[in-house]
Amino acid sequence: MPTGRQIAAFSILAFFCLYFFSASITATSEDIWHRLTATAHTPDFARYSPPLTLSDAEFPIHDRGKRVLVLGDIHGMDAPFHALLDKLSYDPSSDVLIHVGDIIAKGPHEGSMAVLSYMATNNITGVRGNHDQQVIEWRSWLEWIRGLDGGAHWLHDLHAKLHAAAPDDPEEWAAKQLRHSRWAHKIPDGWKLLGDHYRLAHAMSAAEYRYLLALPLVLHVPSAHVFLAHGGVLPSDPRYKPYHRRQPLARVPALPHGAAHDKADLGKTTPLLRRLQEAAVLTDVPQNVDPWVTLNIRGVLDDHSVTRGMDGEPWADIWNRDISSCQGFDQQLRLTEHSKNALPCYPATVIYGHAAARGLDVKRWSVGLDSACVKGRRLSALVLDRKHQKSPFQEEGAEVEGAELEARKKTTIPFGEGRGRIVDISCKSHDD
Ligand SMILES: *[C@@H]1O[C@H](CO)[C@@H](O)[C@H](O)[C@H]1NC(C)=O
């Protein structure tokens, strides 16, 4: 006979087994992301935030009287930023403002501080850009140094000397200061002490730092079938054909435990399956799990590696090609070499920034919003609302025709199952 103590021990063991079993089958894409990106490196200056899901209410493109306004790369261009908000008649009580990253750096320091203050104070939704990321990394480095023996003193001293010397080129001055300093080896390779990103990291408040830290690498909006990422997202692992079984868009996802997989029920389960399949794009395409990729991708090279250069095939072309092959779940698709234009999936759209050299880049299933404001070109916004999603070509129930129809087609872009609008502003006429 087992003793009471043995029974208690067994019960505890059984409880934990059940606990871990249930935890593993209810794992979300966020858990999986954490497991895949967990590394042993300390300190972790990058402090990445995993993909985040937005609800219909947080991305209200189907709500009467609401709008979603997505802004391209601002880079501290404070005057154009506010001029564009004015042009959009931005009203925080009915509009959701979202940015695609790189809100700071590259532009004027004071402008970056002003934009960051606005974003943090109003807790504006967005994703991290590669420049925001560099500022985060310098700030986490600064906090690490301040925690080391003598670190706070050294930093204080350095800033006092900097203030007194007021050099024209702080980066060059810093390099000289570091030549005989025992702190030099604490600076990661390639980082520029006292540069643009460092100065923002040093100047920002704790609340502003917390705001940047909370920005995820990717936002997913299942209700609108939208992803937002600064650099981009790949639809499939480029090392395999798009219709290879391991690609998430090439297989109907398995329903979670408890949901009956009845073909007749496909109509009812399709929204859930689409959500699962979209989430799988973020977790099962290995490149999308690499933070460097979602922050920096511009293209894919012939050897299937991701590049931030302009020499590869633009990733948005790959996205649009794969997505245009989506035929839905309800047909028996045989995935072979001969059916490469038929994938068991439904379309989803990526909204991104980062690719200033390509400018505003509107494709059927992707919208690139970086129109190079910091180079004196334009700042762009994508405007989404219920009217343009549901009935862009109707007025009071009647079809719009003739010249008015042509005008509406011209002033709108296809977006998802409906349409959207681009509103932009020149960045030349504003002094920063
Ligand atoms: C900012 O917004 C995020 C996401 O909506 C939310 O989780 C967070 O609590 C908010 N932070 C503050 C300080 O209100």
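Our subject is the structure listed above.
Here the structure is a predicted model, which means the values were calculated and not measured.

Quick look at the side chain of Asp 132
So, step 1. Along the polypeptide, Asp 132 turns up in helix α5 (residues 130–147).
So, step 2. The charged side chain of Asp 132 is buried without a salt bridge, its nearest counter-charge being Arg 128 at 7.5 Å.
So, step 3. At 3.2 Å, the side chain of Asp 132 and the backbone nitrogen of Ile 103 are in polar contact.
So, step 4. Once residues lying within four places of it in the same chain are set aside, the contact partners of Asp 132 are Gly 101, Asp 102, Ile 103, Ile 104, Val 127 and Leu 212.

Notes on unusual backbone geometry
So, step 1. Even without being a glycine, Ala 166 presents a positive backbone phi close to 40 degrees.
So, step 2. In this fold, Ala 166 is placed in the loop between α6 (151–165) and α7 (170–178).
So, step 3. For His 304, which is not glycine, the phi dihedral falls at a positive 75 degrees.
So, step 4. Within the secondary structure layout, His 304 lies in the loop between β7 (299–300) and β8 (306–307).
So, step 5. Since its relative accessible area comes to 37%, His 304 is described here as partly exposed.

Observations regarding a negative patch on the surface
So, step 1. A cluster of acidic residues, Asp 168, Asp 169, Glu 171 and Glu 172, forms a negative patch on the protein surface.
So, step 2. In this structure, Asp 169 sits in the loop between α6 and α7.
So, step 3. Accessibility expressed as a relative area gives 37% for Asp 169, which makes it partly exposed.

Side note on the state of the cysteines
So, step 1. Counting across every chain of the model gives 2 disulfides.
So, step 2. Sulfur-sulfur distance for the disulfide between Cys 326 and Cys 345 comes to 2.1 Å. Handedness here is read from the sign of the S-S torsion; for Cys 326 and Cys 345, about -95 degrees, the answer is left-handed. Separated by 19 residues along the polypeptide, Cys 326 in the loop between α13 (315–324) and β10 (349–352) and Cys 345 in the loop between α13 and β10 bring together distant segments of the chain.
So, step 3. Two residues share a disulfide in this structure: Cys 373 and Cys 427, whose sulfurs sit 2.2 Å from each other. Linking Cys 373 and Cys 427, the disulfide has an S-S dihedral of approximately -110 degrees and is accordingly described as left-handed. Here Cys 427 lies in the segment after β17 (418–426) and Cys 373 lies in the loop between β12 (366–368) and β13 (378–385), a separation of 54 residues in the sequence.
So, step 4. Taking the relative accessible area as the measure of exposure, Cys 373 reaches 1% and is therefore buried.
So, step 5. In the protein, the bonded cysteines, taken in the order they occur along the sequence, pair up as 1-2, 3-4.

Quick word on the environment of Ala 79
So, step 1. When you line up the elements, Ala 79 lands in helix α3 (residues 78–87).
So, step 2. In this structure, the C-alpha to C-alpha distance between Ala 79 and Gly 111, residues 32 residues apart in sequence, is 8.0 Å.

Some remarks on the packing of aromatic side chains
So, step 1. Evaluation of the coordinates by the stated rule reveals 11 aromatic pairs.
So, step 2. Measuring from ring centre to ring centre gives 5.1 Å for Trp 138 and Trp 141, while their planes differ by 85 degrees; the resulting arrangement is edge-to-face. With a gap of 3 residues between them, Trp 138 and Trp 141 both fall in helix α5, about one helical turn apart.
So, step 3. Between Phe 227 and Trp 319 the ring centres are 5.9 Å apart and the planes differ by 85 degrees, which places this aromatic pair in the edge-to-face class. Of the two residues, Phe 227 sits in strand β6 (residues 226–229) while Trp 319 sits in helix α13, which places them 92 residues apart along the sequence.

About the cut-offs
Residues numbered from 1 in each chain as written. Predicted model: local features only at pLDDT ≥ 70, side-chain atom pairs only at ≥ 80, totals over all residues. Heavy atoms only, no water. Helix = DSSP H or I, 4+ residues; strand = E, 2+ residues; numbered from the N terminus. Buried < 20%, exposed > 50% of the residue type's maximum accessible area, 1.4 Å probe, protein only. Lys, Arg positive; Asp, Glu negative; His and termini not counted. Salt bridge = Lys/Arg side-chain N within 4 Å of Asp/Glu carboxyl O. Polar contact = N/O pair within 3.5 Å; in protein donor to acceptor, adjacent residues only side chain to side chain. Contact = heavy atoms within 4.5 Å. Patch = residues over 30% accessible without salt bridge, like charges linked within 9 Å, V, L, I, M, F, W, Y side chains within 5 Å. Areas by Shrake-Rupley, 256 points an atom, 1.4 Å probe, with all protein chains shown as cover. Charge placed at Lys NZ, Arg CZ, Asp CG, Glu CD. Disulfide = S-S within 2.5 Å. Phe/Tyr/Trp six-rings, centres within 6.5 Å; stacked < 30°, edge-to-face > 60°.

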